Amino acid sequence: MNDRLSLGAAEPDHGQGPFRTWDGHPVSQEPPHGAMIVVYRCRGGAAEFLLLHRRHHGPDYMGDWAWGPPSGARYPGEAIERCAARELEEETQLRLRPQSVAGGSAEWPVFVAEVPAETAISLSPEHDRFVWLPLPDAAALVAPATVRESFLAVAQRLAGCK
């Protein structure tokens, strides 16, 4: 499996047709395949980062893909900016326009979105809980390493917010 495609937890169907997400939606075979959205809020002069826990391996699962920032696959023909906004809204109910930033890749770009400290999060059925964490704690949870590296490349620049 293409390591970058796996960032969205999409799996190829081994020649049976287009790539599909875990819930059966088609994934663009042309890059970019999806987007990660680093959501943060400022509290006490430091950033806290939003991580979501995926439900499909159970509430106690702590391995690869358990915790990560909002992210997801791009549909065929969908603009990557629309993909980032759609995935953020689907997974958290946040209606924002995430901004594209350096730190991802051509296959899986990274976006950022700042929210007020009191912003409410409503999870999709794909996730069972969320946390707001300072950078060191958030980075410790994000896995696999490819996702953590992209997350850190962006989040480290945001950690000293005011």
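For the structure given in this document, a descriptive report is provided here. (Residues numbered from 1 in each chain as written. Predicted model: local features only at pLDDT ≥ 70, side-chain atom pairs only at ≥ 80, totals over all residues. Heavy atoms only, no water.)

### Concerning the overall build of the chain
Phase 1 of the analysis: The helix and strand inventory of the chain stands at 3 helices and 9 strands.
Phase 2 of the analysis: In sequence order, the secondary structure elements of the chain are arranged as β-β-β-β-β-β-α-β-β-β-α-α.
Phase 3 of the analysis: A total of 162 residues make up the chain; the buried ones form 49% of that total.
Phase 4 of the analysis: Considering only residue pairs separated by 6 or more positions, the chain has 67% of its internal contacts joining residues 24 or more positions apart.
Phase 5 of the analysis: Within the structure as shown, the chain displays about 7800 Å² of accessible surface, and the carbon and sulfur contribution to it stands at 51%. (Helix = DSSP H or I, 4+ residues; strand = E, 2+ residues; numbered from the N terminus. Buried < 20%, exposed > 50% of the residue type's maximum accessible area, 1.4 Å probe, protein only. Contact = heavy atoms within 4.5 Å. Areas by Shrake-Rupley, 256 points an atom, 1.4 Å probe, with all protein chains shown as cover.)

### Section: the pattern of salt bridges
Phase 1 of the analysis: Evaluation of the coordinates by the stated rule reveals 8 salt bridges.
Phase 2 of the analysis: One salt bridge connects R86 with E87, and the closest N-O pair in it is separated by 2.9 Å. Just as R86 is buried, E87 falls in that class too.
Phase 3 of the analysis: Residue E90 pairs with R86 through a salt bridge whose shortest N-O separation is 3.2 Å. One end of the pair, E90, and the other, R86, are both in helix α1 (residues 80-92), 4 residues apart, so they sit about a helical turn from each other.
Phase 4 of the analysis: What makes E90 partly exposed here is its relative accessible area of 37%.
Phase 5 of the analysis: Among the ionic contacts, a cluster of salt bridges with common partners joins E78, R86, E87 and E90. (Salt bridge = Lys/Arg side-chain N within 4 Å of Asp/Glu carboxyl O.)

### Here we look at the side chain of R74
Phase 1 of the analysis: Assignment of secondary structure puts R74 in the loop between β6 (71-73) and α1.
Phase 2 of the analysis: There is no salt bridge for the buried R74, and the closest opposite charge comes from E78, which lies 6.2 Å off by N-O distance.
Phase 3 of the analysis: A polar atom in the side chain of R74 sits 2.8 Å from the backbone oxygen of E30.
Phase 4 of the analysis: There is a polar contact of 2.5 Å between the side chain of R74 and the backbone oxygen of P32.
Phase 5 of the analysis: Sequence-distant contacts of R74, that is, excluding residues within four places in its chain, are made with P26, V27, S28, E30, P31, P32, H33, G34, A79, I80, C83 and R86. (Lys, Arg positive; Asp, Glu negative; His and termini not counted. Polar contact = N/O pair within 3.5 Å; in protein donor to acceptor, adjacent residues only side chain to side chain.)

### What about the packing of aromatic side chains?
Phase 1 of the analysis: For the structure on display, the rule yields 2 aromatic pairs.
Phase 2 of the analysis: On the basis of an interplanar angle of 40° and a centroid distance of 6.4 Å, the ring pair of Y40 and F49 is categorised as tilted.
Phase 3 of the analysis: Looking at F49, the relative accessible area reads 0%, which means it is buried.
Phase 4 of the analysis: Ring plane angle 80° and centroid distance 5.6 Å describe the contact between F49 and F151, whose orientation is recorded as edge-to-face. In this pair, F49 is assigned in strand β4 (residues 46-54) and F151 in helix α3 (residues 145-158), connecting sequence segments 102 residues apart. (Phe/Tyr/Trp six-rings, centres within 6.5 Å; stacked < 30°, edge-to-face > 60°.)

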